[in-house]
Amino acid sequence: MSEPLVLGIETSCDETGVGIVRGNTLLVDEVATSVNEHARFGGVVPEVASRAHLEAMIPTIERACSKAGVKLSDVDALAVTSGPGLAGALLVGVASAKALAVGLNKPIYGVNHLAAHVCVDQLEHGHLDQPSIALLVSGGHSSLLLVPDVSKEITPLGQTIDDAAGEAFDKVARVLGLPFPGGPYIDAAAKEGNPSAIDFPRGLTTPKDLERHRFDVSFSGLKTAVARWVELETKKGNQVLVNDVAASFQEAVVDVLLRKAIDACLLNEVGTLVIGGGVAANSRLRAVAKERCDEHKITLRIPRPGLCTDNGAMVAALGSELMRKGRKPSPIEFGTDSSMEVSKVTE
Ligand code: KG4
Ligand code: ZN
């Protein structure tokens, strides 16, 4: 029998994602984004995002099916992000997926967005090693996770105590006059800059901090340090060298994230590190992760940048994994959970 065909829907933030997989084979990954509608506000406006999802949902599903050459009636199961994320945005995805499940009489899995960010790597690099350590870095989350089994067991080791990594990129980009979302612009500017130009602070890395926050991260001090540096230079009448600031800031973020991720692998004696979430698209994070994992003989897995940012394929990938492991589908009455814990993989 051929592997199951799973359609995944993702609407936790500003991307309407519809992905279709067969087993671990990606057939299509369609994304409609409302990012331009939020740009002038410098952040995602929940109500604008919900309305955009509503408008994009049916055309995106139709495009995905047509590109993959599948009919909705061929689909064996639906998967949808039920949390964490923006409540109204999640509702649009969950209601749409439920309508499809009921209409087609197929099982549905309500799944955790963060687990999906980890699981998506299976579409590129095959089944995850059990256990793996996962570093999840996005606009809303920064977590280090011990993942014995992505279909049922994820244990948080640490997280951000203030800003998420992507949020720090976005806020620093704003200070530097770069567009929203700032991550890709900082990444590009940093390529032309000197990462050692400014010695920005590495949060929660002193021996005393490590006692209580070994696997937690903090970016708010770094963000303030960048803002203060820019303000001072401007006051002195100096030209702010955006590329150098971007490169030095990015270096501090990457250094701290990877120090903690490698430490988590070594302490837990886990030989695989998987990195996911929008910030995993960062070219410097990818390069330094490779160097440090090689040094410690840790297998590094990072999906291609397009699968790191929010998309429907990651949700379909997790749905497919749940089916492979024989997990029970979600009861049709499940709801959305905007602050869903990462330890809860499915509804
Ligand atoms: O996973 P994602 O698409 O959405 C959330 O679940 O939050 O992550 C979006 C975040 C944004 O903060 C964006 O600036 C950041 O990922 N990002 C990057 C890069 N591409 C996206 N950050 C650093 N470097 C990049 N190349
Ligand atoms: Zn995400």
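Note that this is a predicted model, so its numbers are computed, not measured. Along each chain, residue indices are assigned from 1 in the same order as the chain's sequence is written. Lettering of chains starts at A and numbering of ligands starts at 1, both following the order in which they are written. Owing to the predicted nature of the model, reporting of local features is limited to residues with pLDDT of at least 70; listing and counting of side-chain atom pairs is limited to 80 or more, with chain, interface and lining totals taken over all residues. Note: side-chain values were computed over all heavy atoms of the structure, leaving out hydrogens and water.

Below, the discussion takes up the packing of helix α10 (residues 242-267) against helix α11 (residues 283-295). To get an axis, fit a line to the C-alpha atoms, keeping to the stretch in contact for a helix; angles then go from 0 to 180 degrees between the N-to-C directions. Labels follow the DSSP assignment, with helices taken as runs of H or I lasting at least four residues and strands as runs of E lasting at least two, numbered in each case from the N terminus. At a closest axis distance of 10 Å, the pairing of α10 and α11 adopts a crossing angle of 35 degrees. Regarding α10 and α11, the two cross each other, and that crossing is right-handed. Contacts between α10 and α11 involve Q250, E251, V254, D255, L257, L258, R259 and I262 from the first element and R284, L285, V288, A289, R292 and C293 from the second. Note that Gly is not counted as nonpolar here; it falls among the polar residues with everything else outside the nonpolar set of Ala, Val, Leu, Ile, Met, Phe, Trp, Tyr, Cys and Pro and the charged set of Asp, Glu, Lys and Arg. Among the residues forming the contact of α10 with α11, the class breakdown is eight nonpolar, one polar and five charged. With the far helix as reference, a near helix turned anticlockwise by less than a right angle produces a left-handed crossing, and one turned clockwise produces a right-handed crossing. In what follows, residue pairs with any heavy atoms lying within 4.5 Å of each other are defined as contacts.

A word on the site of ligand 1. Note on terminology: near, applied to a residue and a molecule or strand, indicates that one of the residue's heavy atoms is within 4 Å of it. Taken together, 20 residues lie near ligand 1, and G139, D170, D187, G278 and N282 sit nearest. Interatomic distance of 2.9 Å between a side-chain N/O atom of D187 and a nitrogen atom of ligand 1. Residue N282 places a side-chain N or O atom 3.0 Å away from a nitrogen atom belonging to ligand 1. Here the Shrake-Rupley method, with its probe set to 1.4 Å, supplies the accessible areas, and only the displayed protein chains count as covering residues. Summarising the interface, the protein chains cover 89% of the accessible area of ligand 1, which totals 550 Å² for the free molecule. Assessed atom by atom at 2 Å from the grid points, ligand 1 resides in the largest pocket. Of all the secondary-structure elements, those providing two or more residues to the shell around ligand 1 are α4 (113-119), α6 (165-175) and α7 (183-190). Counted by class, the shell around ligand 1 contains five nonpolar, twelve polar and three charged residues. Two N or O atoms count as a polar contact when they lie within 3.5 Å, although within protein this holds only if one can serve as hydrogen donor and the other as acceptor, and sequence-adjacent residues are included solely when both atoms are side-chain atoms. Here a cavity is any set of points on a 1 Å grid over the protein atoms alone where a 1.4 Å probe fits but cannot get out, and a pocket is any open set with protein on both sides within 12 Å along at least 5 of 7 lines; a residue lines the site when it has an atom within 4 Å of a point. Assignment to a cavity or pocket requires that more than half of a molecule's atoms be within 2 Å of the site's grid points.

Attention now moves to the packing of aromatic side chains. Within 6.5 Å between ring centres, the rings of Phe, Tyr and Trp (the latter by its six-membered ring) count as paired, and their orientation is classed by plane angle as stacked under 30 degrees, edge-to-face over 60, tilted in between. This structure, assessed with the given rule, holds one aromatic pair. With 5.1 Å between their ring centres and 75 degrees between their planes, F169 and F249 make a pair best called edge-to-face. Pair noted here: F169 is in helix α6 and F249 is in helix α10, with a separation of 80 residues, a long-range link.

All quantities given are derived from atomic positions and should not be read as evidence of function.
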